[in-house]
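Each chain, letter by letter, is given below.
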Amino acid sequence: MQATLFRNRITALFGIRHPILLGGMHQLGRSGVVAAVVNAGAMGFITPRSFDDLAVYRADLRRCRELTGGKPFGVNLTISRRAGFNRDAPAWIAIALEEGVRHFESAGTSPEEIVGPIHAGGGVLMHKCPSVRHALTAERLGVDAVALVGMEEGGHPGANQLPTFVNGAVAVQRLRVPVVVGGGIGSGRQIAAAMALGAEGVVMGSRFMVASEVEMHVAVKQRIVELDEHGSIAILGTLNDTWRVMANGTAREVQKLEAAGARRHEDFGDLILSTRTRERVYRDGRVDEGIVSLGPAGGFADAIEPAGTIVARLVDEARAAMDTLGQRWVAGDGDRLAA
Ligand SMILES: Cc1cc2nc3c(=O)[nH]c(=O)nc-3n(C[C@H](O)[C@H](O)[C@H](O)COP(=O)(O)O)c2cc1C
């Protein structure tokens, strides 16, 4: 078992050995990969909106409980401003609490309506947001931690243009609750840097898409392995709905429509629908035929391998980065220059 490298308020809050959090992943954040990261000492969040109905969601929570043998795992609550989208949110929370889940990640709009029920059920909530202003509001509402994501985040980083390390550095100065940072993090060096910044954890997504346990066609994973850090682009910024995605055929088509003046979601037809991505890309492996959330952190993915191996590699890299920094500090160029 890999030794603990960091012990802080986030590892205590989530009951984990490594402060690495696999954020919610629409369509992909299911028990297989979540259990694999949890069994490796990290935390993962099952994403209820990925399931066709509540019974299937509940069954997946039960599966995760079996796979993890009672270790804590989490649930992601993505709350949207779009009408009708959040119908099931109260049921997602109630079912999670009934099934013994106590760790939640929220994203989207304010956590105002969910923090109460979660705390009443004995749970803890980390709210993920793209600006310090929103994080301060969440802190005031009583969340237990916040995750600040930058514009590099795979998925929906929000309208905010600030990168992860600016957001994070401001957040640790202004918030009292523990701060997690995310967006663009795909290596252990970056985890060590985030900890030096004052964050107490990292939230990741893109780097884990190639994990063997993710239920997605191998052709998509192979494409991500082949991509470098330039493999993602931001679309739909003109609609105030920025989405960082794999630079593939469909994403370029969407960019062309935006450039030609499309300004409503309907203007893009089925190009941006998640059902299209699920069927054509994730199930059938036609990699260019749908929108795939992905950020530049995917550029660090160099092999299809178990999520536990990815966690172990990240921790080893973080340890090596910290050792190197320590050596440079004690007997580095500064000493030589002074001599
Ligand atoms: C395929 C994919 C799907 C995602 N879906 C969601 C989601 O449904 N809800 C959410 O809160 N975040 C979602 N995210 C964001 C991740 O939880 C996480 O915050 C993000 O991946 C971190 O940035 P990174 O991709 O640069 O590591 C998704 C990310 C990816 C890559």
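Residues numbered from 1 in each chain as written. Predicted model: local features only at pLDDT ≥ 70, side-chain atom pairs only at ≥ 80, totals over all residues. Heavy atoms only, no water.

Asks: Could you give an account of empty space enclosed by the protein, naming the residues involved and the relevant values?
Replies: Enumeration over the complete set of coordinates arrives at one cavity of 30 Å³ or more. Here the largest cavity defines a volume of roughly 60 Å³. Taken together, Leu5, Phe6, Arg17, His18, Pro19, Ile20, Ile191, Leu314, Val315 and Ala318 make up the lining of the largest cavity. Ranked by the residues each element gives to the lining of the largest cavity, the list is headed by helix 12 (residues 307-331), at three residues. Among the residues making up the lining of the largest cavity, the classes are represented as eight nonpolar, one polar and one charged. (1 Å grid on protein atoms, 1.4 Å probe; cavity = no way out; pocket = protein on both sides within 12 Å on 5 of 7 lines; lining within 4 Å. Points joined across faces, edges and corners; volume = space filled by probe spheres on them. Helix = DSSP H or I, 4+ residues; strand = E, 2+ residues; numbered from the N terminus. Nonpolar A, V, L, I, M, F, W, Y, C, P; charged D, E, K, R; others polar.)

Asks: Got a sec to walk through the site of the ligand? Specific residues and values, please.
Replies: Neighbouring the ligand are 23 residues, the closest being Gly24, Lys128, Glu153, Gly184 and Ser206. Measuring from a nitrogen atom of the ligand, one finds a side-chain N or O atom of threonine 78 at 2.8 Å. A distance of 2.8 Å separates an oxygen atom of the ligand from a polar atom in the side chain of lysine 128. Within the complex, 96% of the 600 Å² of free accessible area of the ligand lies under protein. Contributing elements (two or more residues each) for the shell around the ligand: strand 3 (74-79) and strand 8 (201-204). Here the shell around the ligand is built from residues that sort into seven nonpolar, twelve polar and four charged. (Near = heavy atom within 4 Å. Polar contact = N/O pair within 3.5 Å; in protein donor to acceptor, adjacent residues only side chain to side chain. Areas by Shrake-Rupley, 256 points an atom, 1.4 Å probe, with all protein chains shown as cover.)

Asks: Help me get a handle on the packing of aromatic side chains, residues and values and all.
Replies: With the rule as written, the count across this model stands at two aromatic pairs. Measuring from centroid to centroid gives 6.0 Å for phenylalanine 14 and phenylalanine 45, while their planes differ by 85°, and the two rings are edge-to-face. Note that phenylalanine 14 is positioned in helix 1 (residues 9-14) and phenylalanine 45 in strand 2 (residues 43-46), a separation of 31 residues in sequence. Taken individually, phenylalanine 14 and phenylalanine 45 each receive the classification buried, so the pair is uniform in this respect. Seen in terms of ring centroids, phenylalanine 51 and tyrosine 57 are 6.0 Å apart; in terms of plane orientation they differ by 35°. Their pairing is tilted. (Phe/Tyr/Trp six-rings, centres within 6.5 Å; stacked < 30°, edge-to-face > 60°. Buried < 20%, exposed > 50% of the residue type's maximum accessible area, 1.4 Å probe, protein only.)

Asks: Break down the nonpolar core for me, citing the residues and quoting the values.
Replies: In terms of nonpolar packing, the biggest core is built from 78 residues, with Ile20 and Phe208 touching the most fellow members. Formed jointly, this core draws a minimum of three residues from each of two domains, domain 1 (9-208) and domain 2 (218-296). Excluding its chain neighbours within four sequence positions, the residues that come into contact with phenylalanine 208 are Ile20, Leu22, Val37, Val214, Ala307, Ile310, Val311 and Leu314. Judged by nonpolar contacts, the second largest core, of 14 residues, contains Ile233, Ile235, Ala251 and Phe268. (Core = buried A, V, L, I, M, F, W, Y, C linked by side-chain atoms within 4.5 Å. Domains from an automatic or database assignment. Contact = heavy atoms within 4.5 Å.)

Asks: Provide a residue-level description of the side chain of histidine 18, including the pertinent values.
Replies: In this structure, histidine 18 sits in the loop between helix 1 and strand 1 (20-22). With near-sequence residues (within four places) excluded, histidine 18 lies in contact with Gln2, Ala3, Thr4, Thr11, Ala40, Gly41, Ala42, Val311 and Val315.

Asks: How would you summarise the sheet that holds strand 8 if you had to cite specific residues and measurements?
Replies: Taken in spatial order, the eight strands line up as 1-2-3-4-5-6-7-8 and close into a barrel, and their pairing is parallel. Direction aside, neighbouring strands of the sheet carry axes that sit 25° apart on average. Strand direction decides the pairing type here: strand 1 and strand 8, joined by three bridges, are parallel. Its bridge partner being in strand 8, leucine 22 is matched across the sheet by methionine 204. Helix 7 (residues 164-174) rests against strand 6 (145-149) and strand 7 (179-182) of the sheet, and its axis sits at about 175° to strand 7. (Pairing = 2+ DSSP bridges. Axes fitted to C-alpha atoms, helices over the stretch in contact; angles between N-to-C directions.)

Asks: Explain the domain arrangement of the protein chain to me, and be specific about the residues and the numbers.
Replies: What the domain assignment reports for the protein chain is domain 1 (9-208) and domain 2 (218-296). On a C-alpha basis, the centroid separation for the pair domain 1 and domain 2 is 23 Å. Between domain 1 and domain 2, the contact holds 15 residues from the first and twelve residues from the second. Here domain 1 meets domain 2 over a buried area of about 1200 Å², counting both sides, of which 50% is carbon and sulfur. Our enumeration of links across domain 1 and domain 2 arrives at one salt bridge. Residue aspartate 52 is joined to arginine 278 by a salt bridge in which the shortest nitrogen-to-oxygen separation is 3.3 Å. Inspection of the domain 1/domain 2 interface yields five residue pairs in polar contact (both at pLDDT 80 or more). When grouped by side-chain class, the residues that make up the side of domain 1 that touches domain 2 number four nonpolar, eight polar and three charged. (Buried area = accessible area lost by both parts, 1.4 Å probe. Salt bridge = Lys/Arg side-chain N within 4 Å of Asp/Glu carboxyl O.)

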